[in-house]
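# Working through the structure, step by step
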Amino acid sequence: MPNGQQQHPAGGQWYPPEWPDRIRALADGSLTPVQPRLAATVMLLRDTPGGGPVVHMLRRRASMAFAGGAYAYPGGGVDPRDEEHHVGWAGPSQADWAARLGTDPRTAQAIVCGAVRETFEEAGVLLAGPAPDTVVGDTTGDDWEADRQALVARELSFADFLDRRCLWLRSDLLGAWARWITPEFEPRRYDTWFFVAALPEGQRTRNASTEADRTVWIRPADAADGYDKGELLMMPPTISTLRSLEPYGSAADALAAAAAQDLAPVLAQAALEGGEVVLSWPGHDEFTKRVGLDRPGGSA
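To start, this report covers the structure provided alongside it. The structure presented is a predicted model; accordingly, all values stated were derived computationally and were not measured. (Residues numbered from 1 in each chain as written. Predicted model: local features only at pLDDT ≥ 70, side-chain atom pairs only at ≥ 80, totals over all residues. Heavy atoms only, no water.)

### Here's the deal with the overall build of the protein chain
This is how it is decided: Elements are defined by DSSP. Helices are runs of H or I of four residues or more, strands are runs of E of two residues or more, and each kind is numbered from the N terminus. Burial classes: relative accessible area under 20% of the type maximum marks a residue as buried, over 50% as exposed, and values in between as partly exposed (1.4 Å probe, protein chains only). Residue contacts are defined here by distance: any two heavy atoms, one from each residue, within 4.5 Å place the two residues in contact.
From N to C terminus, the protein chain includes eight helices and 14 strands. For the protein chain, with 300 residues in total, the buried portion stands at 52%. A sequence separation of at least 24 residues applies to 69% of the contacts in the protein chain between residues at least 6 apart.

Structure representation (structure tokens):
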């Protein structure tokens, strides 16, 4: 959220109790940041009659070590194998995507493949088709499920999956929306690109993720309201991107707006100020946390 916009209470902000100690360790030099892993996540949109689009979200199981109980979008780490293989590719070229994402073409291909693969793995939705201008109509058969399971287990790369099924990846159905990097004090870090996409006609979502205990289609404004009331738990990138979707009246409107979205990476900063540790996300003041050095927890 750009500076100057309305601030909101951090009612449902995910804030682990171990963060203050890790922030202090980072500040005193006893913690060395790990290199973030490339990742991609997709805000899948579906139009509703007269009410604007809804977005597909999943709730991470409470037992998950990272962000248990938090609402998120389908997403995960990029598979480096997808850099190396020529794939059927429709839409903007790998070079075009590299320019948009600020990477080289091979990395851009892997990131876009990651976005499409994770959407298939976790929601059962596949942004690919047998021709450059088509999309598969149904992915619910046993043969599709066997391939999905092989992708989840990393027994099959996404590029090989596309090859085997003679499918074209529809990169034109994705729009790059935002980029967030996990704070330096986290033990598991991701450099994550957020994309928007519309649910293809004929396909339907399902909870295909072993990491989620429920999925919902929800209007971005309603999800943000639930967060503000403390009813829905979310990490800063999730609630920030939800708020940024609120102005758009259709999935097509959001996709059209993607080209103008700022992809400058957002990285949390931690500092010692007096007797407090201050955690902030530049440009997103609503997430600022102040934690006393002599007490756990903190205040927004």
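### Brief notes about unusual backbone geometry
The phi dihedral of Arg-154 is positive, around 60 degrees, even though this residue is not glycine. When you line up the elements, Arg-154 lands in the loop between helix H4 (142–152) and helix H5 (158–164). Overall, the relative accessible area of 30% leaves Arg-154 in the partly exposed class. If you check the backbone angles, Cys-166 has positive phi at about 55 degrees while not being a glycine. By relative accessible area, which is 57% here, Cys-166 ends up exposed.

### Side note on the pairing of strand S8 (residues 174–181)
Defined as follows: Between any two strands, at least two bridges found by DSSP are needed for them to pair.
Of all eight residues in S8, eight are buried, a share of seventy percent or more. The pairing of S8 with strand S9 (residues 190–198) spans seven bridges and is antiparallel. Residue pairing across strands places Arg-179 opposite Trp-193, the latter belonging to S9.

### Comments concerning the sheet that holds strand S5 (residues 88–90)
Adjacent strands of a sheet form backbone hydrogen bonds with each other and so pair up, either parallel or antiparallel. Sheet architecture is open: three strands sit in the order S5-S7-S6, paired in mixed fashion. The open sheet is flanked by S5 and strand S6 (128–129), the only strands paired with a single partner.

### Some points on the environment of Ala-27
Inspection of the secondary structure puts Ala-27 in helix H1 (residues 19–28). For Ala-27, a relative accessible area of 44% gives the class partly exposed.

### Describing the sheet that holds strand S14 (residues 289–292)
What counts is decided by this rule: Think of each axis as a best-fit line through the C-alpha atoms, taken over the contacting stretch in the case of a helix, with angles from 0 to 180 degrees between the N-to-C directions.
If you walk across this open sheet you meet the three strands as S12-S13-S14, and the pairing is antiparallel. Edge positions in the open sheet fall to strand S12 (269–273) and S14, since each of these has one partner strand only. This sheet shows a mean twist of 20 degrees between the axes of neighbouring strands, independent of strand direction. With five bridges joining them, S12 and strand S13 (residues 276–280) adopt antiparallel strand pairing. Bridging across to S13, Ala-271 finds its partner in Val-278. Sheet strands touched by H1: S12, S13 and S14. Its angle to S13, the strand with the most contacts, is close to 95 degrees.

### Examining the pattern of salt bridges
What counts here: Whenever a carboxyl oxygen of Asp or Glu lies within 4 Å of a side-chain nitrogen of Lys or Arg, that contact is scored as a salt bridge.
Counted under the stated rule, the structure contains 16 salt bridges. The partner of Asp-147 in a salt bridge is Arg-165, with the nearest N and O atoms 2.7 Å apart. Of this pair, Asp-147 sits in helix H4 while Arg-165 sits in the loop between H5 and strand S7 (168–170), and the two are 18 residues apart along the sequence. Across the pair Arg-243 and Asp-228 runs a salt bridge whose closest N-O atoms are separated by 2.9 Å. Of this pair, Arg-243 sits in helix H7 (residues 236–245) while Asp-228 sits in helix H6 (residues 220–228), and the two are 15 residues apart along the sequence. On the basis of relative accessibility, which here comes to 22%, the residue Asp-228 falls in the partly exposed class. Residues participating in the shared-partner salt-bridge network are Arg-117, Glu-118, Glu-121 and Arg-154.

### Points about the packing of aromatic side chains
To keep it simple, the criterion reads: Two aromatic rings, drawn from Phe, Tyr or Trp (for Trp, its six-membered ring), form a pair once their centres lie within 6.5 Å of each other, and the interplanar angle then sorts them: stacked below 30 degrees, edge-to-face above 60, tilted otherwise.
Within the structure shown, the criterion is met by nine aromatic pairs. Considering the side-chain rings of Phe-120 and Trp-144, the 6.3 Å spacing of their centres and the 80 degrees angle between planes classify their relative orientation as edge-to-face. Of this pair, Phe-120 sits in helix H3 (residues 105–123) while Trp-144 sits in helix H4, and the two are 24 residues apart along the sequence. A centroid spacing of 5.7 Å and a plane angle of 80 degrees characterise the contact between Trp-177 and Tyr-248, whose relative ring orientation is edge-to-face. Taken together, the residues Trp-177 in strand S8 and Tyr-248 in the loop between H7 and helix H8 (251–257) connect sequence positions 71 residues apart.

### Some remarks on the environment of Pro-265
You can see Pro-265 is positioned in the loop between H8 and strand S11 (266–267). Judged by its relative accessible area of 43%, Pro-265 is partly exposed. Residues Pro-265 and Ala-178 lie 87 residues apart in sequence; the distance between their C-alpha atoms is 7.6 Å. Contacts of Pro-265, omitting those with residues within four sequence positions, involve Arg-179 and Ile-181.

From the geometry alone we can't say anything about function, so treat these as descriptive.
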